[in-house]
Amino acid sequence: MAHSKKLRSIIKSRKELTSDELETINLYRKKEFGSNKETKSESDQEYRSFKYFLIKAGGNILSFGMMRTTDIEFRQKIYSTLEFISVVSVKKREGYGSLLIEQMKKYAEGEGKH
């Protein structure tokens, strides 16, 4: 899908998120999933290790997702994988969620985790 806006794909840690980005993420997580859990501070243990993926245009978040490293034991061997936590499109039906997932997949492949 062709987009007329100049899009930016950004990867950030929790502590790199601006207060505006964090506010948007918490608002749309609540709208999409009914989540009352908010990411508040970088000391929040649950969200501290997450990578945040953003598709932005003109300073506005169009889509965002979260990913974290998870260790899985299989047949007595530990495998480190990347877990997709969520993907949310602020603007629906415009392809931003699909674009975000592609960026997240590229990141996982670059990390050697498929």
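The present account deals with the structure reproduced in this document.

Calculation notes
- Residues numbered from 1 in each chain as written.
- Predicted model: local features only at pLDDT ≥ 70, side-chain atom pairs only at ≥ 80, totals over all residues.
- Heavy atoms only, no water.
- Pairing = 2+ DSSP bridges.
- Helix = DSSP H or I, 4+ residues; strand = E, 2+ residues; numbered from the N terminus.
- Axes fitted to C-alpha atoms, helices over the stretch in contact; angles between N-to-C directions.
- Contact = heavy atoms within 4.5 Å.
- Phe/Tyr/Trp six-rings, centres within 6.5 Å; stacked < 30°, edge-to-face > 60°.
- Buried < 20%, exposed > 50% of the residue type's maximum accessible area, 1.4 Å probe, protein only.

## Some remarks on the sheet that holds strand β4 (residues 77–89)
At step 1: Within the open sheet, the four strands sit side by side as β1-β2-β3-β4. Their pairing is antiparallel. Both edges of this open sheet fall to β1 (7–13) and β4, since each of them pairs with a single strand only. Strand after strand, the sheet turns through a mean of 20° between neighbouring axes, direction not considered.
At step 2: Here β1 runs beside strand β2 (residues 51–57); their pairing, made up of seven bridges, is antiparallel. Bridge pairing in β2 links Leu7 to Ala57.
At step 3: Where helix α1 (residues 19–33) meets the sheet, it contacts β1, β2, β3 (60–74) and β4, and its direction lies at approximately 75° from that of β3.
At step 4: Seen against the sheet, helix α3 (residues 96–110) touches β1, β2, β3 and β4 and runs at an angle of roughly 160° to β4.

## Regarding the packing of aromatic side chains
At step 1: One pass over the full model with this rule turns up two aromatic pairs.
At step 2: With a centroid separation of 6.3 Å and an interplanar angle of 40°, the aromatic rings of Phe50 and Tyr52 are classed as tilted. Of the two residues examined, Phe50 and Tyr52, each falls in the buried class.
At step 3: With 5.3 Å between their ring centres and 75° between their planes, Phe53 and Tyr107 make a pair best called edge-to-face.

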